[in-house]
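Structural characterization, general
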Amino acid sequence: MELALCYSGGKDSTLAALLLDSFYEVRLVTAHFDVTDGWEYARSAARALGYPFEAVVLDREVARIAVERIREDGYPRNGIQHVHEHALERVAALDVDAVADGTRRDDRVPTVSRAQAQSLEDRHGVDYIAPLSGFGRSAVDRLVAETLEVEAGPSEEVAKADYETELRALVAEGYGAGAVEELFPAHTQTRVHGLRE
């Protein structure tokens, strides 16, 4: 069975791929707006891990709406959630049996409710799987420390292929670097370089 995993090149989505690998033919799919070249980091991680990779370009109108939501709210949660829902729709439209993401039990954003998952499955004829939904951050961190070579640091320093990176770039482009600092809280990002030997 073929599965498309929404992939950022970070620790959570990489761990999700490893957990699903025994049951599915996993393809890592990075959904992006083509604002930055961050998707290339995901492609590099996918190659290092030995997984097939695909990049899909999202609708720029979704990015515009997300940026406006972030500005209106004063924080990124609803904007990032809007993008994730669109990305899942795009990935579910691929010719696959299942779609998955790296959302954890304790993630604030993005999240996928039971109703959203069932709707996605019904409309696209796929299974939606969240393999980390039972894992908290500390469990994920322990598994990652044993399994993956990871670079970690502040969002503005660790480039990767997540929605936040491109939304930060769009906010900076439209409203200046100061707006990015005001709207996005300090956050640690990870970028996977491969498996531990």
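Above this text you will find the structure in question.
Note that this is a predicted model, so its numbers are computed, not measured.

How each quantity is defined
Residues numbered from 1 in each chain as written. Predicted model: local features only at pLDDT ≥ 70, side-chain atom pairs only at ≥ 80, totals over all residues. Heavy atoms only, no water. Helix = DSSP H or I, 4+ residues; strand = E, 2+ residues; numbered from the N terminus. Rg over C-alpha atoms; globule rule 2.2 N^0.38 Å. Buried < 20%, exposed > 50% of the residue type's maximum accessible area, 1.4 Å probe, protein only. Areas by Shrake-Rupley, 256 points an atom, 1.4 Å probe, with all protein chains shown as cover. Axes fitted to C-alpha atoms, helices over the stretch in contact; angles between N-to-C directions. Parallel < 35°, antiparallel > 145°, perpendicular 65-115°, else oblique. Contact = heavy atoms within 4.5 Å. Nonpolar A, V, L, I, M, F, W, Y, C, P; charged D, E, K, R; others polar. Pairing = 2+ DSSP bridges. Core = buried A, V, L, I, M, F, W, Y, C linked by side-chain atoms within 4.5 Å.

1. Side note on the overall build of the protein chain
In terms of helices and strands, the protein chain carries eight helices and seven strands. The C-alpha radius of gyration of the protein chain comes to 16 Å, within 12% of the 16 Å expected for a compact globule of 197 residues. In the protein chain, which comprises 197 residues, the share counted as buried stands at 49%. Just so you have it, the protein chain exposes about 9700 Å², and 45% of that area is on carbon and sulfur atoms.

2. A closer look at helix H1 (residues 11–20)
Side chains three or four residues apart in an α-helix point the same way, a direct result of the helix having 3.6 residues per turn. For H1, the tally of buried residues reaches eight of ten residues, placing the bulk of the element in the interior. The set of residues buried in H1 consists of Lys-11, Asp-12, Ser-13, Thr-14, Leu-15, Ala-16, Ala-17 and Leu-20.

3. Side note on the packing of helix H3 (residues 60–73) against helix H7 (residues 163–175)
In the contact formed by H3 and H7, the axes pass within 10 Å of each other and the chain directions differ by 70 degrees. With respect to H7, the element H3 is oriented roughly perpendicular. Here Arg-60, Ala-63, Ala-66, Val-67, Glu-68, Ile-70 and Arg-71 of H3 come into contact with H7, specifically with Leu-167, Leu-170, Val-171 and Tyr-175. Grouping the constituent residues of the contact of H3 with H7 by class yields eight nonpolar, no polar and three charged.

4. Regarding the sheet that holds strand S1 (residues 2–6)
Spatial ordering of the open sheet is given by S3-S2-S1-S4-S5, a layout of five strands whose pairing is parallel. Taken across any chain shown, the strands that pair with only one partner, and hence form the sheet edges, are strand S3 (53–57) and strand S5 (127–129). Neighbouring strand axes in the sheet, compared pairwise and without regard to direction, differ in orientation by 30 degrees on average.

5. Here we look at the nonpolar core
Ranked by internal contacts, the top residues of the largest apolar core, which has 34 residues, are Val-83, Val-99 and Leu-167. Among the elements that line this core, the one with the most residues is helix H4 (residues 77–92), at six residues. Leaving out residues up to four positions away in the same chain, Leu-167 has contacts with Ala-63, Ala-66, Val-67, Ile-70, Gly-79, Ile-80, Val-83 and Phe-184. Leu-15, Ala-16, Leu-132 and Leu-148 belong to the second-largest nonpolar core, a separate cluster that totals 24 residues.

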